[in-house]
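Remarks on the overall topology
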Amino acid sequence: MSTPNKDIAKVEVGLRWDPSPPGAPAHDLDIIAATYPADEPYGSPAYLVHFDSRSPDGTITLNRDSRTGQGLGFDEVMTLELNRLSSAYARVVVGVVIQQRDGRKTFGDIARTGVQVREGRTSLAEDDFSAVAGATAATVAEFVRDTSGTWHFRGAVRGFDGDPGAYAAIMGNRAPGA
């Protein structure tokens, strides 16, 4: 049965930051998405999408990857085609990680960080990571499919302190008090 309700169909997540100062190791931030099965939406992710990968069905892709933050506007962009995602999946969580190969870096160490979540020309959320300045990773968006098949957006930036691998393992955990 069709419904006249408009739900979220195709979303773009953009990430920007300023390059590191001359002579300093490059700041490398990455968008990561975790897809969770309908039968266990708060368990382990079914799969992750990040640099050098995409979802098995091509519905989540990293369109632009930056290792330095050099460029104009959003340096890294991920597209999520939720309207094409199999009904086997009921939740997608999107986060941002800072690579830690050259020593510990937090959002507060990197100038002009920003993330934008939008559907078409509609901005769903924007943030500059200032509320999680001491974090090395952050969850920036959550998309949840209800029983009718409609996708809903939950925007809240939640910080995490640790390496990207540890963050990927827990990024979809319930928020404290949820």
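Right, let's walk through the structure included here. Here, residues in each chain are numbered from 1, in the same order as that chain's written sequence. With the structure being a predicted model, the display of local features is reserved for residues of pLDDT at least 70 and the display and counting of side-chain atom pairs for 80 or more, all residues being used for whole-chain, interface and lining totals. To obtain the side-chain values, all non-hydrogen atoms of the structure were included, while hydrogens and water were left out.

1. Thoughts on the side chain of Thr150
Let me state the cut-off plainly: Put simply, DSSP marks the helices as runs of H or I at least four residues long and the strands as runs of E at least two long, and each gets a number from the N terminus on. In the analysis that follows, any N or O atom pair within 3.5 Å is treated as a polar contact, provided that within protein one partner can donate a hydrogen and the other can accept it, and provided that, for residues neighboring in sequence, both atoms belong to side chains. Note on contacts: a residue pair qualifies if any of its non-hydrogen atoms lie within 4.5 Å across the two residues.
Within the fold, Thr150 resides in the loop between strand E9 (137-145) and strand E10 (151-154). Within polar-contact distance, the side chain of Thr150 engages the side chain of Ser148 at 3.2 Å. Among all residues touching Thr150, those that are not within four sequence positions of it are Asp7, Val144 and Arg145.

2. A word on the pairing of E10
Test applied: Whether two strands pair depends on DSSP finding at least two bridges between them.
Sheet topology places E9 next to E10; four bridges connect them, and they run antiparallel. Following the sheet pairing, Val144 is matched in E10 by His152.

3. Observations regarding the nonpolar core
So the rule is basically this: What is meant by a nonpolar core is a set of buried Ala, Val, Leu, Ile, Met, Phe, Trp, Tyr and Cys residues, joined one to another through side-chain atoms within 4.5 Å. Per-residue accessibility, obtained with a 1.4 Å probe over protein chains only, is compared with the maximum for each type, and a residue is labelled buried under 20%, exposed over 50%, and partly exposed between these values.
Within the largest apolar cluster, 33 residues are counted, with the highest numbers of intra-cluster contacts made by Leu82, Val92, Val94, Phe107, Phe129 and Phe143. Among the elements of the structure, strand E1 (10-16), strand E2 (29-37), strand E3 (47-49), strand E4 (60-64), strand E5 (76-81), strand E6 (89-98), strand E7 (114-119) and E9 are those that each provide at least two residues to this core. Residue contributions to this core peak at five residues, all from E6. Setting aside chain neighbours within four positions, we find Val92 in contact with Ala33, Ala34, Thr35, Ile60, Leu80, Leu82, Leu85, Ala141, Glu142, Phe143 and Trp151. Within the second largest apolar cluster, ten residues are counted, among which are Ala34, Ala137, Phe160 and Ala168.

4. Some remarks on the packing of aromatic side chains
What counts here: Each aromatic pair joins two rings of Phe, Tyr and Trp (for Trp, the six-membered one) with centres within 6.5 Å, and gets the label stacked for planes under 30 degrees apart, edge-to-face for over 60, and tilted for any other angle. Note on geometry: a ring has a charge over it if NZ (lysine) or CZ (arginine) is within 6 Å of the ring centre and within 35 degrees of the ring normal.
Under the counting rule described, the total for this entry stands at four aromatic pairs. A centroid spacing of 5.5 Å and a plane angle of 85 degrees characterise the contact between Tyr47 and Tyr89, whose relative ring orientation is edge-to-face. Highlighted residues: Tyr47 in strand E3 and Tyr89 in strand E6, separated in sequence by 42 residues. Tyr89 shares its class with Tyr47; the two are buried. Centroid distance Phe143 to Phe153: 5.4 Å. Interplanar angle 45 degrees. Geometry classified as tilted. In this pair, Phe143 is assigned in strand E9 and Phe153 in strand E10, connecting sequence segments ten residues apart. By relative accessible area, Phe143 is classed as buried at 0%. Since its relative accessible area comes to 22%, Phe153 is described here as partly exposed. Arg91 extends its terminal NZ or CZ atom over the ring of Tyr36, reaching a point 5.0 Å from the ring centre.

5. Considering the environment of Pro45
Within the secondary structure, Pro45 sits in the loop between E2 and E3. For Pro45, a relative accessible area of 23% gives the class partly exposed. Residues Pro45 and Val93 lie 48 residues apart in sequence; the distance between their C-alpha atoms is 9.3 Å. Once residues within four sequence positions are removed from consideration, Pro45 is found in contact with Ala34, Thr35, Tyr36 and Ala168.

6. As for the environment of Asp102
Here Asp102 lies in the loop between E6 and E7. Between the C-alpha atoms of Asp102 and Ala24, which are 78 residues apart in sequence, the distance is 9.5 Å. Setting aside chain neighbours within four positions, we find Asp102 in contact with Pro25 and Ala26.

7. Overview of the pattern of salt bridges
For clarity, the cut-off: One side-chain nitrogen of Lys or Arg within 4 Å of one carboxyl oxygen of Asp or Glu is enough to make a salt bridge.
Under the counting rule described, the total for this entry stands at seven salt bridges. Across the pair Arg154 and Glu142 runs a salt bridge whose closest N-O atoms are separated by 3.5 Å. With Arg154 in strand E10 and Glu142 in strand E9, this residue pair connects regions lying twelve residues apart in the sequence. Among the charged side chains, a salt-bridge network with shared partners connects Arg91, Glu142 and Arg154.

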